[in-house]
Amino acid sequence: MAILVYNRKGRPVTLLNPKEKNDKFASEMRNDIRLTNNAEVKGYGLTAVQKAYRAGYRECFKDTAKAYYSKYKSQYSRKRKK
């Protein structure tokens, strides 16, 4: 869940958790637009560097999930019927 905090100047800033940030990056890449953390359009078109950063973040997110599930494989695997 996103958190609203205030910076030193008293302006509100929205902080996203990793899942929300991943979803935001997916939406930005899918629609080729830049969004704020409040889902407002910031600008159109992503540069190659911005696309690479978002793709890398999303890939890291997937790798972390795969590592977690491989560690706890027995807990999350389906049990077979005999």
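Residues numbered from 1 in each chain as written. Predicted model: local features only at pLDDT ≥ 70, side-chain atom pairs only at ≥ 80, totals over all residues. Heavy atoms only, no water.

Draft legend 1. Structural context of the overall build of the chain. In terms of regular secondary structure, the chain is built from three helices and four strands. Starting at the N terminus and ending at the C terminus, the chain contains elements arranged as β-β-α-β-β-α-α. Buried residues in the chain amount to 15% of all 82 residues. Sequence separation of at least 24 residues holds for 26% of the intrachain contacts in the chain that already meet a minimum separation of 6. Total accessible area computed for the chain in this model is approximately 7,200 Å², and 54% of it derives from carbon and sulfur atoms. (Helix = DSSP H or I, 4+ residues; strand = E, 2+ residues; numbered from the N terminus. Buried < 20%, exposed > 50% of the residue type's maximum accessible area, 1.4 Å probe, protein only. Contact = heavy atoms within 4.5 Å. Areas by Shrake-Rupley, 256 points an atom, 1.4 Å probe, with all protein chains shown as cover.)

Draft legend 2. Structural detail: the environment of Leu35. Along the polypeptide, Leu35 turns up in strand β3 (residues 33-35). For Leu35, a relative accessible area of 12% translates into the label buried. Each C-alpha atom of the pair Leu35 and Phe25 lies 8.7 Å from the other, and the pair is 10 residues apart in sequence. If near-sequence neighbours (up to four positions away) are discounted, Leu35 is found in contact with Lys24, Ser27, Glu28, Glu40, Val41 and Lys42.

Draft legend 3. Representation of the pairing of strand β1 (residues 3-6) in the model. Bridge analysis of β1 against strand β2 (residues 12-15) gives four bridges, and the strand direction is antiparallel. Bridge pairing links Ile3 to Leu15 in β2. Two successive antiparallel strands, β1 and β2, enclose a turn made up of five residues, where Gly10 displays a positive phi of approximately 90°. (Pairing = 2+ DSSP bridges.)

Draft legend 4. Up close: the packing of helix α1 (residues 18-31) against helix α2 (residues 48-71). One can describe the packing of α1 onto α2 by two numbers: an axis separation of 10 Å at closest approach and a directional angle of 135°. By the angle class used here, α1 and α2 are oblique. α1 and α2 meet at a crossing whose hand is left-handed. Packed against α1, whose contacting residues are Pro18, Lys19, Lys21, Asn22, Phe25, Ala26, Glu28 and Met29, the element α2 presents Lys51, Tyr53, Arg54, Ala55, Tyr57, Arg58 and Phe61 at the interface. (Axes fitted to C-alpha atoms, helices over the stretch in contact; angles between N-to-C directions. Parallel < 35°, antiparallel > 145°, perpendicular 65-115°, else oblique. Left-handed = near helix turned anticlockwise from the far one by under 90°.)

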